[in-house]
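Understanding the architecture of this molecule
The primary structure of each chain is shown beneath.
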Amino acid sequence: MSILLQKETDKLKKMLLTLCTMVEENLLGAMRAVIQRNEGLANQVIGQDHAIDLMEIDVEEECLKILALHQPIATDLRFIIAVLKINNDLERIGDLAVNISERVERLPKVATIGFDFKNMFEKSILMLKKSIDSLVNLDTNLAVEVCISDDEIDALNRDVFTLCTSEAQKDGTQIEPMLHYLSISRNLERIADHATNIAEDVVYLIEGRIIRHHQN
């Protein structure tokens, strides 16, 4: 790798990590908004989404510039491809945090189902953290851990569906709030999916191996 290309890829990695920090902070904000039923926090998350979108565009443009000017090959090319895909996943996680926050004003002030959403949030956020750490440290084992964790989030999402369905059947007035709980759970499940995508791209970057169709 030339010195100039090394500088460009180092800059790109910093930009991607900045985007990740922005997304992670917004996801934490969405968690607090839901747990506290805090519409002000929810609106902050929604308002921050534009900055995330702009950063996602900047990262993509930097990738395209490197491809055009340096025509990287082998590992360098895999890195740029991985960043382009991870960049898109991070932007989508930001969108999903907004989707969650938009539900806050419609949630009942007191929880009506016996489910720990904070736990589901924290597990999803940890998956995101680990996926980015696996990129920074080029750690395949950590990336695989993330992929395995996705099954746990899927199971929690099924638990929410079961609980919400039961509550709605018992009391018809609970149908609307149950739909909002289901939406939050589904968005968290999708966030975990995107974190898994990032981890799979890290494995591709390190080993040149595509694993997304080989997870049990």
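Refer to the structure presented above.
Our subject in this report is the structure included herewith. All of these numbers come straight from a predicted model, not from anything done at the bench. Counting restarts for each chain, with residues numbered from 1 along the sequence as it is written. Two thresholds apply to this predicted model, a pLDDT of at least 70 for residue-level local features and 80 or more for giving and counting side-chain atom pairs, whereas whole-chain, interface and lining totals are computed over all residues. Side-chain numbers here rest on the full set of heavy atoms in the structure, without hydrogens or water.

Regarding the overall build of the chain
Threshold: Going along the chain from the N terminus, every DSSP run of H or I of four or more residues is numbered as a helix, and every run of E of two or more is numbered as a strand. It is over C-alpha atoms that the radius of gyration is taken, and the globule rule equals 2.2 Å times the number of residues to the power 0.38. Relative accessibility under 20% of the residue-type maximum defines a buried residue, over 50% an exposed one, and the middle range a partly exposed one, all with a 1.4 Å probe and only protein chains included. Pairs of residues are marked as contacts when any of their non-hydrogen atoms sit within 4.5 Å.
Assigned secondary structure in the chain consists of six helices and zero strands. Listed by position from the N terminus, the elements making up the chain come as α-α-α-α-α-α. Over its C-alpha atoms the chain spans a radius of gyration of 19 Å, differing by no more than 12% from the 17 Å that the globule rule assigns to 216 residues. Put simply, the chain has 216 residues, and 47% of those count as buried. Taking all contacts inside the chain whose residues are at least 6 apart in sequence as the whole, residues at least 24 apart take part in 83%.

Structural notes on helix 2 (residues 39-70)
The condition that has to hold: Take the residue count of a helix, subtract one, and multiply by 1.5 Å to get its expected span. What qualifies as a polar contact is a pair of N or O atoms within 3.5 Å, subject to a donor-acceptor requirement within protein and to the restriction that residues adjacent in sequence count only when both atoms come from side chains.
An ideal rise of 1.5 Å per residue puts 46 Å on 32 residues; helix 2 measures up with 47 Å between its terminal C-alpha atoms. Restricting attention to buried positions, one finds in helix 2 the residues Leu41, Ala42, Val45, Asp49, Ile52, Met55, Glu56, Val59, Glu62, Cys63 and Ile66. Between a side-chain oxygen at the N-terminus of helix 2 and the backbone nitrogen of Gly40 the separation is 3.0 Å; the capping residue is Asn38. Of the residues flanking the end of helix 2, it is Gln71, one or two places downstream, whose phi is positive at about 45 degrees.

A few points about the packing of helix 3 (residues 74-101) against helix 4 (residues 117-136)
Quick note on the threshold: With axes taken as lines fitted to C-alpha atoms, and helix axes fitted only over the stretch in contact, angles between N-to-C directions fall between 0 and 180 degrees. Between 65 and 115 degrees an angle is taken as roughly perpendicular, under 35 as roughly parallel, over 145 as roughly antiparallel, and anywhere else as oblique. Crossings are assigned a handedness: left-handed for a near helix turned anticlockwise from the far helix by less than a right angle, right-handed for a clockwise turn. Under the grouping applied here, Gly and all other residues not named as nonpolar or charged are polar, the nonpolar ones being Ala, Val, Leu, Ile, Met, Phe, Trp, Tyr, Cys and Pro and the charged ones Asp, Glu, Lys and Arg.
As a packed pair, helix 3 and helix 4 sit with axes 13 Å apart at the nearest point and diverge in direction by 165 degrees. Here helix 4 runs roughly antiparallel to helix 3, going by the angle between their axes. Considering only the axes of helix 3 and helix 4, their crossing is left-handed. Here helix 3 contributes Ile86, Leu90, Ile93 and Ile100 to the contact with helix 4, which in turn contributes Phe121, Leu128, Ile132 and Leu135. Residues of the contact of helix 3 with helix 4, tallied by class, amount to eight nonpolar, no polar and no charged.

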